[in-house]
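Structure assessment
Listed below, chain by chain, are the residues.
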Amino acid sequence: MFLPAGSQDETGVQIANRLKASEVFRKVTEKRNFKAISTPVVEYAHTFTNEIAGMDLQSMLKWFNSEGEIEVLRPDWTAAVARAIAKQHHAFQKWSYQGSVFRMDKDGTESRQAGIEIVHANPFLGESECLLTAIQYLKELEIEEYVIELGHTGIFEQMILPLQLNQDEEEALRLAMHEKRMDLVEELLINYSDEIKQDLVKLIDAYGGIDVISHYEKVWSGHPELLAILQHIRKLIELLEATGVSEVIVDLGRVKNLPYYDGAMFRGFVTKDGSTCFSGGRYDRLYKQFEQETTAVGLAFDVDLLAQHMMVENSCSRACILATPETHAIAEKHRKELPEEIVDIQYELQNETVYNTIYTIVRDNNQYKVVKR
Ligand SMILES: N[C@@H](Cc1c[nH]c[nH+]1)C(=O)O
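Values in this document were obtained by computation on a predicted structure and should not be read as measured data. Position labels on residues start from 1 in each chain and follow its written sequence. Owing to the predicted nature of the model, reporting of local features is limited to residues with pLDDT of at least 70; listing and counting of side-chain atom pairs is limited to 80 or more, with chain, interface and lining totals taken over all residues. To obtain the side-chain values, all non-hydrogen atoms of the structure were included, while hydrogens and water were left out.

Structural notes on the pattern of salt bridges
Side chains that differ in sign of charge can pair as their charged atoms come close. For this analysis, a salt bridge means a side-chain nitrogen from Lys or Arg found within 4 Å of a carboxyl oxygen belonging to Asp or Glu. Throughout the structure, instances matching the rule amount to 26 salt bridges. A salt bridge links Asp-251 to Lys-180; the shortest N-O distance between them is 3.1 Å. Of this pair, Asp-251 sits in strand E9 (residues 248-251) while Lys-180 sits in the loop between helix H6 (167-178) and helix H7 (182-188), placing them 71 residues apart in sequence. Under the scheme applied here, a residue whose accessible area is under 20% of the maximum for its type counts as buried, over 50% as exposed, and between as partly exposed, the area being computed with a 1.4 Å probe on protein chains only. For Asp-251, a relative accessible area of 3% translates into the label buried. Lys-180 sits in the partly exposed class, given a relative accessible area of 33%. Salt-bridge contacts for Arg-181 lead to Asp-183; the nearest nitrogen and oxygen are separated by 3.2 Å. Among the charged side chains, a network of salt bridges with common partners joins Glu-10, Arg-18, Glu-110, Arg-112 and Asp-304. For helices the rule is a DSSP run of H or I covering at least 4 residues; for strands it is a run of E covering at least 2, with both sets numbered from the N terminus onward.

Some remarks on the site of the ligand
Put simply, a residue is near a molecule or strand once any heavy atom of it comes within 4 Å of that molecule or strand. In the neighbourhood of the ligand, 15 residues make up the surrounding shell, with Asp-76, Thr-78, Glu-117, Tyr-261 and Gly-298 lying closest. For this analysis, a polar contact is any N or O atom pair within 3.5 Å, provided that within protein one partner can donate a hydrogen and the other can accept it, and provided that sequence-adjacent residues contribute only side-chain to side-chain pairs. Note that a nitrogen atom of the ligand is positioned 3.3 Å from one of the backbone N or O atoms of Leu-299. Only the protein chains shown count as cover for residues, and the accessible areas themselves come from Shrake-Rupley with a 1.4 Å probe. Considering the ligand on its own, with 300 Å² of exposed area, one finds that the protein chains cover 96% of that surface. Going through the elements one at a time, strand E6 (110-119), strand E11 (276-282) and strand E12 (296-302) are the ones with two or more residues in the shell around the ligand. Three categories are distinguished: nonpolar for Ala, Val, Leu, Ile, Met, Phe, Trp, Tyr, Cys and Pro, charged for Asp, Glu, Lys and Arg, and polar for the others, with Gly belonging to the last. The residue makeup of the shell around the ligand, split by class, is 7 nonpolar, 6 polar and 2 charged.

Regarding the confidence of the model for the chain
Detailed reading of the predicted coordinates is not advisable wherever pLDDT is low. Residue-level pLDDT values for the chain average 94, and 99% of them are 70 or greater. As scored by the predictor, the complex reaches a pTM of 0.91 and an ipTM of 0.99. Along the chain, pLDDT gives the predictor's confidence residue by residue, from 0 to 100.

Thoughts on the side chain of Gln-292
Inspection of the secondary structure assignment puts Gln-292 in the loop between E11 and E12. The buried category is assigned to Gln-292, whose relative accessible area is 8%. Reaching out from Gln-292, the side chain makes a polar contact with the backbone oxygen of Ala-86 at a distance of 2.4 Å. Not counting residues within four places of it along the chain, the set of residues in contact with Gln-292 comprises Ala-86, His-90, His-120 and Tyr-287. The contact definition used throughout considers only heavy atoms, calling two residues in contact when any of these lie within 4.5 Å.

Re the environment of Glu-144
With respect to the helices and strands, the residue Glu-144 is situated in the loop between helix H4 (123-140) and strand E7 (146-152). Assessed through its relative accessible area of 55%, Glu-144 is described here as exposed.

Describing the sheet that holds strand E16 (residues 367-372)
The sheet built from 4 strands is open, its strands ordered E14-E13-E15-E16 with mixed pairing. Because the sheet does not close on itself, it has two edges, and the strands there are strand E14 (342-346) and E16. When the angles between neighbouring strand axes are averaged without regard to direction, this sheet yields 25°. Here 4 bridges tie strand E13 (residues 318-322) to strand E15 (residues 357-364), and the two strands are oriented parallel to one another. Criterion used throughout: strands pair if DSSP finds at least two bridges between them. Convention adopted: a line fitted to C-alpha atoms gives each axis, helices being fitted over their contacting stretch, and angles between N-to-C directions are expressed from 0 to 180 degrees.

Regarding the sheet that holds E11
Reading across from one edge, E1-E5-E6-E12-E11-E10-E7-E9-E8 is the order of the 9 strands in this open sheet, with mixed pairing throughout. Edge positions in the open sheet fall to strand E1 (35-36) and strand E8 (207-208), since each of these has one partner strand only. As defined by bridge partners, E6 adjoins E12 across 7 bridges and the pair is classed as antiparallel. When the bridges of E12 are listed, Ile-116 appears paired with Leu-299. Sitting on the sheet, helix H3 (residues 77-85) is in contact with strand E5 (93-102) and E6, with an inclination near 130° to E5. Against the sheet, helix H10 (residues 224-242) contacts E7, E9 and strand E10 (264-270), and its axis sits at roughly 155° relative to E7.

Details of the packing of aromatic side chains
Ring pairs (aromatic) are described by centroid distance and by the angle formed between their planes. In summary, the pairing rule links any two rings of Phe, Tyr or Trp, Trp by its six-membered ring, whose centres are within 6.5 Å, and it sorts them by plane angle into stacked for under 30 degrees, edge-to-face for over 60 and tilted for everything else. Overall, the coordinates contain 9 aromatic pairs when judged by the stated rule. Judged by centre distance (4.7 Å) and plane angle (55°), the ring pair of Tyr-216 and Trp-220 falls under tilted. By relative accessible area, Trp-220 is classed as buried at 7%. Where Tyr-260 meets Tyr-283, the ring centres are 5.8 Å apart and the plane angle is 65°; that geometry is what we call edge-to-face. Remark: Tyr-283 occurs in the loop between E11 and E12 and Tyr-260 occurs in the loop between E9 and E10; sequence separation between them is 23 residues. Residue class for Tyr-260 comes out buried when judged on its relative accessible area of 0%. In our convention, an over-ring charge means Lys NZ or Arg CZ found within 6 Å of a ring centre and within 35 degrees of that ring's normal. The ring of Trp-77 carries the charged tip of Arg-74 above its face, separated from the ring centre by 3.8 Å. Lying across the ring of Phe-34, Lys-94 places its NZ or CZ 4.7 Å from the centre.

Looking at a nonpolar patch on the surface
Residues enter a patch when their relative accessible area is above 30% and they make no salt bridge; the linking distance is 9 Å between like charges and 5 Å between nonpolar side chains (Val, Leu, Ile, Met, Phe, Trp, Tyr). On the surface, Val-41, Val-42 and Trp-63 cluster together into a nonpolar patch covering about 230 Å² of accessible area. The partly exposed category is assigned to Trp-63, whose relative accessible area is 34%.

Quick look at the pairing of E5
A regular strand places its side chains so that they alternate between the two faces of the sheet. Among the 10 residues that make up E5, 9 are buried, leaving the element largely enclosed by the rest of the structure. The pairing of E1 with E5 spans 2 bridges and is classified as parallel. Bridge pairing in E5 places Lys-35 opposite Trp-95. Alignment of E5 against E6, held across 10 bridges, turns out to be antiparallel. Bridging across to E6, Ser-96 finds its partner in Ile-116.

If you want it as structure tokens, here you go:
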């Protein structure tokens, strides 16, 4: 039988690693005082597609319920958690969750996430705690080779303000920036001021170390809003560096990849192949749909991807006890003599090479004994 495009089976090491990644995530977040939350897999589409959350219904797995409402398989944890906690009292809260999201615009329809959301916190504290939690988690998974990238939605938004673009034009330009398509940016802005056009094109290349920030502090010296953003990113980098993390870069040309972001954005890349292992950012505006003024920030790890990059567990030694239907019970009892080993019982030895030790059952003085072969 075949599977629909985007669905896939999973076996062996990938599952073992994924379960380990989940367990480590639970421990790390528990120690940092995150409270676990779970939301249902089936939700109303509106939770994600409303004007503020702004996600695209097209990419969701959806159907009509008996009342004619559109229901979806959870496409995003952040909006679901916001819905779940919106009615709670306004206090500093740290939430953690683990589970699948379903979207058709990604490689696999189902992807497993482990994420955190921090609400009602001082903005700098919330962002720092997100990043430091991510760093501790990667460390405990022994994933050492990664780069953290910081960006901010405000840069692109401030720069295009004078252009007064309509929503479609803005979206098209944002996509061109996201894809780092200089030619397209130029083309889309053909009828607009050369200066802003050139500044945006240059911004596509504005990524790298802290020197990029120093450079743009000079370029934007007359622009207090942009300077404040640079200052904010610089402070985050300094905090990370002070805790020993040096692999931090900035991408000033980065635009939001989710409609609800408004503020700092972060991503983690695995150095080996450049894949994105976590992604997140500030999204205070998502709470406006519940008429709440608050701060909210979070990030989510792609657990499937982490599982691929984790070392294969140095698994315990494997033993095989060769038995017969008559001696099967003896073999089963012998398991407790081998508490540290993975024990398989076979009637006829197959896959001999996978075992470190093979036992057979012999009869001695009318008694069965399990002995090494
Ligand atoms: N929900 C985001 C990650 C995130 C968590 N909190 C904020 N952002 C995603 O799926 O990419």
